[in-house]
Amino acid sequence: MATRDPSMICCFRLLFLLLFSVPLIASSSSWASMHHNNWAVLVCTSRYWFNYRHMANTLSLYRTVKRLGIPDERIILMLADDMACNMRNNYPAQVFNNENHQLNLYGDNVEVDYRGYEVTVENFMRVLTGRHDPAVPRSKRLLSDEGSHILLYMTGHGGDEFLKFQDSEELQSHDLADAVKQMKEKNRFKELLIMVDTCQAATLFNQLQSPGVLAIGSSMKGENSYSHHLDSDIGVSVVDRFTYYTLAFFEKLNMYSNASLSSLFNSYNPRTLMSTAYYRMDLYQRPLPEVPVTSFFGSVMKTIHTDAAYMGLSIPPKTEAQFLPGDGGNHQLRIENEPDLEKDGNKQTKELHCIYHEWLNLLQERFENTDAELLFRYGFGTMVFLLTISTWLLA
Amino acid sequence: MFHNMFKLCNLEIAKLLREYIVAVGAESYYHKFVPRANKFHPLHFFSSTTDNLDLPANPSCGSFILNAVGIIRAPRGDGKETIVLVTPYNSQNTTYSDAVSLGIGFSIFSLLSHVTWLAKDIVWLAADSRYGEYTTVDSWLKDYHGPAFPGETSRIVDDACFEENNSDSLDHIKVEGHNSYVYKRAGTMAAALVLKVVDKKEEERDSLSIYAEASNGQMPNLDLINIAHYLAVHRQGLRVKIGSIIYFLKASWVKLLGEMLQHITTLAKRLNPKWKFDITSADYVEGTATLASSIYYQALGVPTGSHGAFRNYQVDAVTLEFSPRSSLNNENVRSAFLLKTGRLIEGVIRSVNNLLEKFHQSFFLYFLTAPHKYVSVGIYMIPFGILIAPLPIVAAALFSSNNGSSNKDGSWKWLQAAKVVFLIHLWAMITSLLPYVLLQLPLGTPSSFASAWAAVAICFLLITYLILWSSSIDCGWELLKSVMIVAAAIGLSLMSVINFSTAQIGAMLIVPMCLLVKPARKQTQGVFAKALMLTSNLALLVVAFPPAALLIAKTLFGASGNIDIGDFWEWAQILWSWNSATYMYLLWIHLPCWVLCLNIFLYPCIGSSSKA
């Protein structure tokens, strides 16, 4: 018995492990290929009053993305300057993207994650790659995983293979490509859509090589992107053409529309844009007509209801809650096929499943009326007694 | 408010304005100063700020000036920059137009005090122009940019003076304490506007005249004029005018030239559509008149309004002069006029307010050929360059041709010529300093001053010639001409850096004269050639003499009144009292060059050293 071959033992152990790990791997890959959540990173890189339209562009996209379902906790909004409270603003605390002033983009629930001078190339790269200082709060981190679809929208002043940040530094196309490559290696996204609205925007994603990336820019190399119209009341241009026509496309949609990305990309008319919107789909596997825009710009959430917390994956879900289209903004969760939950008693019995909780409850019941000091004395005495006996035994 | 103003006099207007400003909720203070007569002093040309060398020990109480100043601090702004609004009025002789301009100023001020888009502070100076608009604004600016320290008594005027005069003030105006005289400042000035309302009787439309020239030919950034012009024409429907010389508008030769050019350029455009320099005759005539006026006013070096005081501190400023189409006594006309002018000024102020930096994207050196057309420095330097280019070449040619003749003295003969030229320049310098001495003498009328000046100058010139003859410097006229041309070239180039327009006009007069001058007694072949040479030399000499040029210009362009020798003294006085570099140019470069040319023309002996 003692002379069994150690290598044979090793082999058996390995085989044993493999048998157990196969189902695990299978389940993880099927887990990874599912699309779980949508993230949006919206960046405005220019400051000063005459760049009002870049701020309005970004805030318009923010409003659209929120309206179509992505919550604030999954949006990273980076604004390089404050236009709403700028002293030159004739309408303080309001930002408009149209001269009819119908829509105030800077309403009550705008959450800006990176503001003012925090919008730098360094912070942008940190957000994308996830390498932050430990003190950076969760709201400023891109906490995406391998099931995320990420929308990255950038606007500002740009040129041939660069984007200008705040008049003092540049993000170059190879920096962006490097960040995206790191993201891919760390499995930080499943699919990524990059949308850029600057002059010569298409040059910014010349160096991308990671699979799963789709990119669209508002103009090609050598072309400028133009602003749409001037608001004579505010005194500056309020929106850029590319973003204006993007918004015109999205205003017709709601959360449940299944307009495809190809219809979005084909809606851009070079004559009205005064530039050629160029998109790059060679790195993207899925065919564009089959991809709905809400897989990047919105968020169709599939909620899986579990009976209790902390049980993980071992308990199969009893029921599945379906999203039913409500009217107007009524997105209440209506649970079907669950008559059990109506009864209160069952709720109580379910709570006692946890053994630790049971024991604690028992103790509490027992010692509810007892004097704590008496208990302590008894306990201490017992301890000392046991100690003396054990030392006598060992000696 | 207008009617109130007529019943009040000097100081009460300032008090009334201060009351109104405080009622609107802005800060206000009085600026007091005593004006000084601007005497001729040689050092004034070289310094922009002059110390109070001749301030009297006890300034008389009746001769000081009180300006009311209002400041609005932008409620959400950072207080680093200001926009200045100046409305001058004559407190001794207040006209209705003065009252209207003060009214416009106050209505804009009260609008700006409660507007939401204000990013820079606003300062409103109601300047009392009793002793001159420029003096008041200049003094206020000097105090703004130069803080007064407690040790200097020269700037603090005794307040007891002012309190005594209060005894007969109106009862409802409170006497204010010391606090109202504390000078308050508001940041660096981004731009300034001077507003005036003038009642000219012959207008068909409300019109706006823009004056932009500052001292020594400096101009504000072209963008400021462009803003005022665009808003006036495209938003308010005013007619914009810029100074033009009427002679060119009416002269028939200019019209003929314009028509010829129109034919030629339209022909050229038909040949090649890409050539877009076609011009109509009317455009050409208007452009010539405006360009001539623009060059002339820049060449004079005298500012055309109180906006010139701002340019000394590198602040862009223009004067906007509004004239209504009919009398302002009519209520409807007045309110429409106020609305238009108020909106225009609000638009200009909002444009400057929205900027992040001072104007720097457009030109600082330009001539205007129409309110919306200009000639920039890159183009107007070329004619000057072409005029100057032959000068060194001719000088070198003359020098080498003279050197070719075998002379035992070698090539140092030009030193003799240089000595002559230097002595003449010295004489000219002394002549230019003569007025300082002459003004001490109690001579009286300008004509007597002028004749005295001419007499002393000629005396000195004769003395100089005596010195030259006694030292028997004889060089030959060619070397003299060559050294004179070199001196003229250097002088013109230096002047072009200081005031380009003066150098341009000066070059147009001097260069032909210098290049063509030859001794009258020189023998040339052909009677016709000789006659032509003589007449051209004479004509050029006459035209280039500064008083003669002034005479011709006056008869052609200006009023045709009787022209006195005293006019020349007054003209020179204008130049030196404004510290204009044109005065220096005329007397240090133009005059010696002319005297030398005259000398060459009347050269006595034609020796063997001259060549045909």
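Quick caveat, the model's predicted, so the values are computed rather than measured.

(A) Representation of the pattern of salt bridges within the structure. The tally for this structure, following the rule as stated, stands at 23 salt bridges over all chains. The partner of A:Arg286 in a salt bridge is A:Glu191, and the shortest N-O contact between them spans 3.0 Å. Taken together, the residues A:Arg286 in the loop between strand 12 (278–280) and helix 8 (344–351) and A:Glu191 in strand 8 (residues 191–197) connect sequence positions 95 residues apart. When its relative accessible area of 32% is taken as the criterion, A:Arg286 is described as partly exposed. Since its relative accessible area comes to 6%, A:Glu191 is described here as buried. The salt bridge involving B:Asp316 is made with B:Arg311; its shortest N-O contact spans 2.8 Å. Per residue, the accessibility class of B:Asp316 equals that of B:Arg311, and both read buried. It is possible to trace a salt-bridge network through shared partners that takes in A:Lys190, A:Glu191 and A:Arg286.

(B) The UniProt feature "transmembrane region" (unreviewed entry) in chain B, seen in detail. Residues and elements named next belong to chain B. With numbering aligned to this structure, UniProt lists the feature "transmembrane region" (unreviewed entry) at residues 377–399, 420–438, 450–468, 480–498, 504–520, 532–553 and 585–606. As annotated, residues 480–498 has a helix share of 100% and a strand share of 0%, and its two end C-alpha atoms lie 27 Å apart. Here residues 504–520 is 76% helix and 0% strand, with 28 Å between the C-alpha atoms at its ends.

(C) Molecular detail of the nonpolar core. All names here are of chain B. Ranked by size, the top nonpolar core spans 64 residues in total, and within it Trp453, Met484, Leu492 and Cys514 carry the most contacts. A per-element tally of this core places helix 21 (residues 581–601) first, with 14 residues. Those residues within four positions of Cys514 in sequence are excluded, and the remaining contacts are Lys481, Met484, Ile485, Ala488, Cys593 and Cys597. By size, the runner-up hydrophobic cluster in this structure holds 63 residues, among which are Ile104, Ile122, Ala126 and Tyr366.

(D) Main features of the sheet that holds strand 7 (residues 239–241) of chain B. Residues and elements named next belong to chain B. Read across the sheet, 8 strands follow the order 1-2-4-3-5-8-6-7 without closing on themselves; strand pairing throughout is mixed. Strands at the two margins of the open sheet, each flanked by one partner only, are strand 1 (27–33) and strand 7. Neighbouring strand axes in the sheet, compared pairwise and without regard to direction, differ in orientation by 25° on average. Taken strand by strand, helix 11 (residues 331–354) contacts strand 3 (81–89), strand 4 (121–128), strand 5 (188–197), strand 6 (207–211) and strand 8 (316–323), and its axis lies near 170° from that of strand 5.

(E) How the structure looks around the packing of helix 17 (residues 500–516) of chain B against helix 18 (residues 527–544) of chain B. All names here are of chain B. At their nearest, the axes of helix 17 and helix 18 sit 9 Å apart, and the two run at 145° to each other. Once helix 17 is placed against helix 18, the crossing between them reads as left-handed. Note on element contacts: helix 18 touches helix 17 through Met533, Asn537, Leu540, Leu541, Val543 and Ala544, opposite Leu509, Pro512, Met513 and Leu516. When the residues that make up the contact of helix 17 with helix 18 are grouped by side-chain class, the tally is 9 nonpolar, 1 polar and no charged.

(F) Geometry of the sheet that holds strand 6 (residues 162–165) of chain A. All names here are of chain A. What the 3 strands build is an open sheet, ordered 5-6-7; its pairing is antiparallel. If you trace the sheet from one side to the other, it starts and ends with strand 5 (157–159) and strand 7 (169–172), each paired once. Taking the axes of each pair of neighbouring strands and ignoring which way they run, one obtains an average angle of 30° across the sheet. Bridging between strand 6 and strand 7 involves 4 bridges; their strand directions are antiparallel. Note that in strand 7 the partner of Phe165 across the bridge is Glu169.

(G) Main features of the interface of chain A and chain B. At the interface, 12 residues of chain A touch 13 residues of chain B. For the chain A face of the interface with chain B, the top three residues by lost area are A:Met87, A:Arg88 and A:Asn90, together amounting to 62%. Counting every contact that joins chain A to chain B gives 0 salt bridges. In this structure, the connection of chain A to chain B is made through 8 residue pairs in polar contact (both at pLDDT 80 or more). Considered class by class, the residues forming the side of chain A that touches chain B number 7 nonpolar, 3 polar and 2 charged.

(H) The packing of helix 15 (residues 446–470) of chain B against helix 21 of chain B, seen in detail. Residue and element names in this part refer to chain B. In the contact formed by helix 15 and helix 21, the axes pass within 14 Å of each other and the chain directions differ by 50°. When the interaxial angle is binned, helix 15 and helix 21 end up oblique. Crossing geometry of helix 15 relative to helix 21 is assigned as right-handed. Mapping the contact onto sequence places Trp453, Leu461 and Tyr465 in helix 15 and Tyr583, Leu587, Val595 and Asn599 in helix 21. Counted by class, the contact of helix 15 with helix 21 contains 6 nonpolar, 1 polar and no charged residues.

(I) Representation of the domain arrangement of chain B within the structure. All names here are of chain B. Each assigned domain of chain B is listed here: domain 1 (2–244 + 303–378), domain 2 (245–302) and domain 3 (389–611). Of the roughly 1,300 Å² buried where domain 1 meets domain 2, counting both sides, 58% is carbon and sulfur surface. Of the charged contacts in the structure, one is a salt bridge between Asp283 and Lys373, with a shortest N-O distance of 3.9 Å. Applying the counting rule to domain 1 against domain 2 returns 4 residue pairs in polar contact (both at pLDDT 80 or more). The biggest single contributor to the side of domain 1 that touches domain 2 is strand 9 (residues 366–370), with 5 residues. Across the side of domain 1 that touches domain 2, the residue classes tally to 9 nonpolar, 7 polar and 2 charged.

(J) Geometry of the confidence of the model for chain B. Residues and elements named next belong to chain B. When the pLDDT values of chain B are averaged, the result is 83; 85% of them are 70 or greater. Every residue in residues 49–59 scores below 50 in pLDDT, and together they form 10 contacts with partners more than four places removed in sequence or on other chains. Predicted confidence for residues 153–175 stays below pLDDT 50, and this span has 28 contacts to residues more than four positions away or in other chains. The complex prediction reports pTM at 0.79, with the ipTM value standing at 0.77.

Quick notes on the rules
- Residues numbered from 1 in each chain as written.
- Chains lettered and ligands numbered in written order.
- Predicted model: local features only at pLDDT ≥ 70, side-chain atom pairs only at ≥ 80, totals over all residues.
- Heavy atoms only, no water.
- Salt bridge = Lys/Arg side-chain N within 4 Å of Asp/Glu carboxyl O.
- Helix = DSSP H or I, 4+ residues; strand = E, 2+ residues; numbered from the N terminus.
- Buried < 20%, exposed > 50% of the residue type's maximum accessible area, 1.4 Å probe, protein only.
- UniProt positions renumbered as here; feature names shortened; annotations may be inferred.
- Core = buried A, V, L, I, M, F, W, Y, C linked by side-chain atoms within 4.5 Å.
- Contact = heavy atoms within 4.5 Å.
- Pairing = 2+ DSSP bridges.
- Axes fitted to C-alpha atoms, helices over the stretch in contact; angles between N-to-C directions.
- Left-handed = near helix turned anticlockwise from the far one by under 90°.
- Nonpolar A, V, L, I, M, F, W, Y, C, P; charged D, E, K, R; others polar.
- Buried area = accessible area lost by both parts, 1.4 Å probe.
- Polar contact = N/O pair within 3.5 Å; in protein donor to acceptor, adjacent residues only side chain to side chain.
- Parallel < 35°, antiparallel > 145°, perpendicular 65-115°, else oblique.
- Domains from an automatic or database assignment.
- pLDDT = per-residue confidence, 0-100.

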